Amino acid sequence: PFLSKDGYWRLKTEARDVNPRYLAILKAYEDKRFDDHFGVDPAAIFRAAIQFLGARRVVSGASTLTMQAARLLEPRPRGFVTKVFQMIRAVQLEERYSKDKILSIYLTLAPFGGNLEGVRAASLSYFNKEPQALDLSESALLVALPQSPAKLRPDRHGLNAIAGRNKVLARMVGEGVITQGDAGVAMHEGV
């Protein structure tokens, strides 16, 4: 494997290339209504706005996986105007591409720490296995990592990585995606 011209280890990844459980956790954690919305999730925007008004700070985001794909394709400085641009681009992506293609964009470009982009590069680098072979613990870690790639890198910040993974696992138990027993076993694994 070679680095891209911009210095990243980025390997094209399709939805069929990753463990279905990873995809289920990714969607449940990042975008519950991914399969049903048009690129923007009005319910998530409403929820985030209510939480912001109540707490006077951002409590949770409203970005869909499609909006994140738009951001990864065209990075811009954070801000309200950028968020509106991402929403417009997300709708355009949904009009043009299938849900699997949009997932492929995210799975290929999401940041995983250092110069790793995409779940396949991360899976091979951190676990020496293809993403189709990820177990529950590894899947949860790779769902958490793009939230804060520099702070959650398992090769540099093991305790933070464990905390991030465990947060994903606990939320998946609450969402009914995995059982408490499976989460307990996964939480006892290293990273």
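Since this is a predicted model, take the numbers as computed values, not measurements.

Reading guide: rules and limits
- Residues numbered from 1 in each chain as written.
- Predicted model: local features only at pLDDT ≥ 70, side-chain atom pairs only at ≥ 80, totals over all residues.
- Heavy atoms only, no water.
- Helix = DSSP H or I, 4+ residues; strand = E, 2+ residues; numbered from the N terminus.
- Rg over C-alpha atoms; globule rule 2.2 N^0.38 Å.
- Contact = heavy atoms within 4.5 Å.
- Areas by Shrake-Rupley, 256 points an atom, 1.4 Å probe, with all protein chains shown as cover.
- Polar contact = N/O pair within 3.5 Å; in protein donor to acceptor, adjacent residues only side chain to side chain.
- Core = buried A, V, L, I, M, F, W, Y, C linked by side-chain atoms within 4.5 Å.
- Buried < 20%, exposed > 50% of the residue type's maximum accessible area, 1.4 Å probe, protein only.
- Salt bridge = Lys/Arg side-chain N within 4 Å of Asp/Glu carboxyl O.
- Phe/Tyr/Trp six-rings, centres within 6.5 Å; stacked < 30°, edge-to-face > 60°.
- Lys NZ or Arg CZ within 6 Å of the ring centre and 35° of its normal.
- Patch = residues over 30% accessible without salt bridge, like charges linked within 9 Å, V, L, I, M, F, W, Y side chains within 5 Å.
- Axes fitted to C-alpha atoms, helices over the stretch in contact; angles between N-to-C directions.
- Parallel < 35°, antiparallel > 145°, perpendicular 65-115°, else oblique.
- Nonpolar A, V, L, I, M, F, W, Y, C, P; charged D, E, K, R; others polar.

Engineer: I would appreciate a short explanation of the overall build of the protein chain in the present structure.
Structural biologist: Across its full length, the protein chain carries 10 helices and 2 strands. Moving toward the C terminus, one meets the helices and strands of the protein chain in the order β-α-α-α-α-α-β-α-α-α-α-α. The globule rule puts the C-alpha radius of gyration for 191 residues at 16 Å, and the 16 Å found for the protein chain is close to it. Based on the C-alpha atoms only, the size of the protein chain along its principal axes is roughly 40 × 40 × 30 Å. Partitioning the intrachain contacts of the protein chain with sequence separation of at least 6 by distance along the chain shows that 61% fall at a separation of at least 24. Total accessible area on the protein chain stands at roughly 10,300 Å², and carbon and sulfur atoms take up 57% of it.

Engineer: What exactly am I supposed to notice about the side chain of Glu94 here?
Structural biologist: Here Glu94 is to be found in helix H4 (residues 80-96). Within the local environment of Glu94, its side chain forms a polar contact with the side chain of Thr66, the two groups lying 2.6 Å apart. In this structure, Glu94 is in contact with Phe34, His37, Phe38, Gly39, Thr66, Lys99 and Ile102, ignoring residues within four places of it in sequence.

Engineer: Before we go on, may I ask you to explain the nonpolar core in this structure?
Structural biologist: Note on soluble globular proteins: their nonpolar side chains tend to be buried together. Core analysis: the largest hydrophobic core is formed by 46 residues, its most contacted members being Tyr22, Leu26, Leu103, Leu107, Phe112, Leu142 and Val168. Of all the elements in the fold, those that place two or more residues in this core are helix H1 (20-30), helix H3 (65-73), helix H5 (99-109), helix H6 (119-127), helix H7 (136-144), helix H9 (158-175) and helix H10 (180-187). Among residues more than four places away in sequence, those in contact with Phe112 are Tyr22, Glu117, Gly118, Val119, Ala122, Tyr126, Leu142, Leu145, Pro146, Pro149 and Arg153.

Engineer: How should I be thinking about the pattern of salt bridges in this particular structure?
Structural biologist: Charged atoms that come close allow side chains of opposite charge to pair. Scanning all chains against the criterion turns up 13 salt bridges. Lys27 is the partner of Asp35 in a salt bridge, and the nearest nitrogen-oxygen pair spans 3.2 Å. By relative accessible area, which is 48% here, Asp35 ends up partly exposed. Salt bridges sharing partners connect three or more residues here, namely Asp6, Arg10 and Glu117.

Engineer: Would you mind showing me how to read the side chain of Thr64 here?
Structural biologist: Relative to the assigned elements, Thr64 resides in the loop between helix H2 (42-55) and H3. Residue Thr64 is classed as buried on the basis of its relative accessible area of 1%.

Engineer: Would you mind going over the packing of aromatic side chains with me for this structure?
Structural biologist: One pair of aromatic rings is described through two measures. These are the centre distance and the angle between the planes. Summed over the entire model, instances satisfying the criterion amount to 1 aromatic pair. Sitting above the plane of the Phe34 ring, Lys99 keeps its charged end 4.6 Å from the centroid. A cation over a ring is seen here: Arg171 above Tyr29, with NZ or CZ 4.2 Å from the ring centre.

Engineer: So what exactly am I meant to see when it comes to H7 here?
Structural biologist: Residue pairs spaced three or four apart in an α-helix point in one direction, given the helix's 3.6 residues per turn. Counting buried positions along H7 gives 9 out of 9 residues, so the element sits mostly inside the fold. Those residues of H7 not exposed but buried are Leu136, Ser137, Glu138, Ser139, Ala140, Leu141, Leu142, Val143 and Ala144. Where H7 is buried, its residues contact H1, H6, helix H8 (149-152), H9 and H10. A distance of 3.1 Å separates the backbone nitrogen of Ser137 from a side-chain oxygen at the start of H7, and that oxygen is part of Asp135.

Engineer: How do you make sense of a nonpolar patch on the surface when you look at a structure like this?
Structural biologist: Taken together, the side chains of Phe46, Ile50, Phe52 and Leu53 define a hydrophobic patch exposed on the protein surface, amounting to about 430 Å² of accessible area. You can see Ile50 is positioned in helix H2.

Engineer: Where do I start with the packing of H3 against H4 in this structure?
Structural biologist: Packed helices, taken two at a time, are described by their axes: the angle between them and the distance between them. Put simply, H3 and H4 touch, their axes get as near as 8 Å, and they point 105° apart. When the axis of H3 is compared with that of H4, the two are roughly perpendicular. Counted together, Thr66, Met67, Ala69, Ala70, Arg71 and Leu73 of H3 and Lys83, Gln86, Met87, Arg89, Ala90, Leu93 and Glu94 of H4 form the full contact between these two elements. Residues belonging to the contact of H3 with H4 are distributed by class as follows: 7 nonpolar, 2 polar and 4 charged.

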